[in-house]
Amino acid sequence: MRTQRTSPAPLALVLAVLMLAAGCSQGPGGEVPETSASPTSPGGSTPAQSTEPAASVAEPTTAALTLFYVAVGDEGKAGPEIGCGDSLVATETGPEEFTNQIEASIDALLDDEEEMLGESGLRNALAGSDLDYVSSAVDGDVVTVELSGTVSSGGTCDDPRIIGQLQYTAMTAAGTGEARILVGGKKLEEVLSAK
């Protein structure tokens, strides 16, 4: 029985292709450039990079939204105390579909034009305002929400109610510990103090 010998040509061809491929990934002088590590920011964290095209849309989520209303004269018993001895009270909507929870929560709060939240006894200090959501951004533990339109306040005690409702609704939606609310590019506090 004769042993069959294979030609060395196909093996040499495969080796040549592998060596050529390895050579292409080397830098000048034969060093392999470092491409596997992501660049890091000065704080040591890797910046978030999107592999999605810019026009892509996030998948919709369905969940209840948390909105804050005012318990007048509650003195912090039902929630965080604000202003003239009032409390901010978290309420939940029914299931809502959204792609941006901050936008959906702020829109739901601003779309409520009733001064009272049903039979709950909770007050909506934003009922007289004509505000629209423009944008939001989260930077660390701070969410910034930009609104447009006009704010209508009933006076000294209404100012902290308006601020509180917007800030706590935005913070809860964003999962942050602080919120900055801007109206027409100005801080909400400045807009209210100018009234």
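Everything quoted here is computed from the prediction, not taken from an experiment. (Residues numbered from 1 in each chain as written. Predicted model: local features only at pLDDT ≥ 70, side-chain atom pairs only at ≥ 80, totals over all residues. Heavy atoms only, no water.)

Enquirer: Help me understand the pattern of salt bridges in this model?
Expert: Pairing is possible between side chains that carry opposite charge, provided their charged atoms lie close to one another. The full count for this structure, using the stated rule, is four salt bridges. Arg-123 is the partner of Glu-115 in a salt bridge, and the nearest nitrogen-oxygen pair spans 3.4 Å. According to the relative accessible area criterion, Glu-115 is partly exposed, its value standing at 45%. Ionic pairing is found between Arg-123 and Asp-158, a salt bridge with its closest N-O pair at 2.7 Å. Of this pair, Arg-123 sits in the loop between helix H2 (101-111) and strand S4 (130-139) while Asp-158 is found in helix H3 (residues 158-174), placing the two residues 35 residues apart along the sequence. Accessibility assignment for this pair places Arg-123 and Asp-158 in one class, buried. Salt bridges linked by common partners bring Asp-86, Glu-115, Arg-123, Asp-158 and Arg-161 together as one network. (Salt bridge = Lys/Arg side-chain N within 4 Å of Asp/Glu carboxyl O. Buried < 20%, exposed > 50% of the residue type's maximum accessible area, 1.4 Å probe, protein only. Helix = DSSP H or I, 4+ residues; strand = E, 2+ residues; numbered from the N terminus.)

Enquirer: What should I look at first to understand the state of the cysteines in this one?
Expert: Each disulfide consists of a covalent bond between the sulfur atoms of two cysteine residues. A full pass over the atoms with the stated rule returns one disulfide. Two residues share a disulfide in this structure: Cys-84 and Cys-157, whose sulfurs sit 1.9 Å from each other. Handedness here is read from the sign of the S-S torsion; for Cys-84 and Cys-157, about -95 degrees, the answer is left-handed. On the criterion of sequence distance, the pair formed by Cys-84 in the loop between strand S2 (81-82) and strand S3 (86-98) and Cys-157 in the loop between strand S5 (142-150) and H3 is long-range, its members being 73 residues apart. (Disulfide = S-S within 2.5 Å.)

Enquirer: Could you clarify how one ought to interpret the nonpolar core in this entry?
Expert: The nonpolar side chains of a soluble globular protein tend to be buried, and buried together. Ranked by internal contacts, the top residues of the largest apolar core, which has 32 residues, are Ile-106, Val-145, Leu-147, Val-151, Ile-162, Leu-166 and Leu-188. Element by element, the count of residues in this core is highest for H3, at six residues. Residues within four places of Ile-162 in sequence aside, it is in contact with Ala-125, Leu-126, Val-151, Ser-152, Ser-153, Leu-188 and Leu-192. (Core = buried A, V, L, I, M, F, W, Y, C linked by side-chain atoms within 4.5 Å. Contact = heavy atoms within 4.5 Å.)

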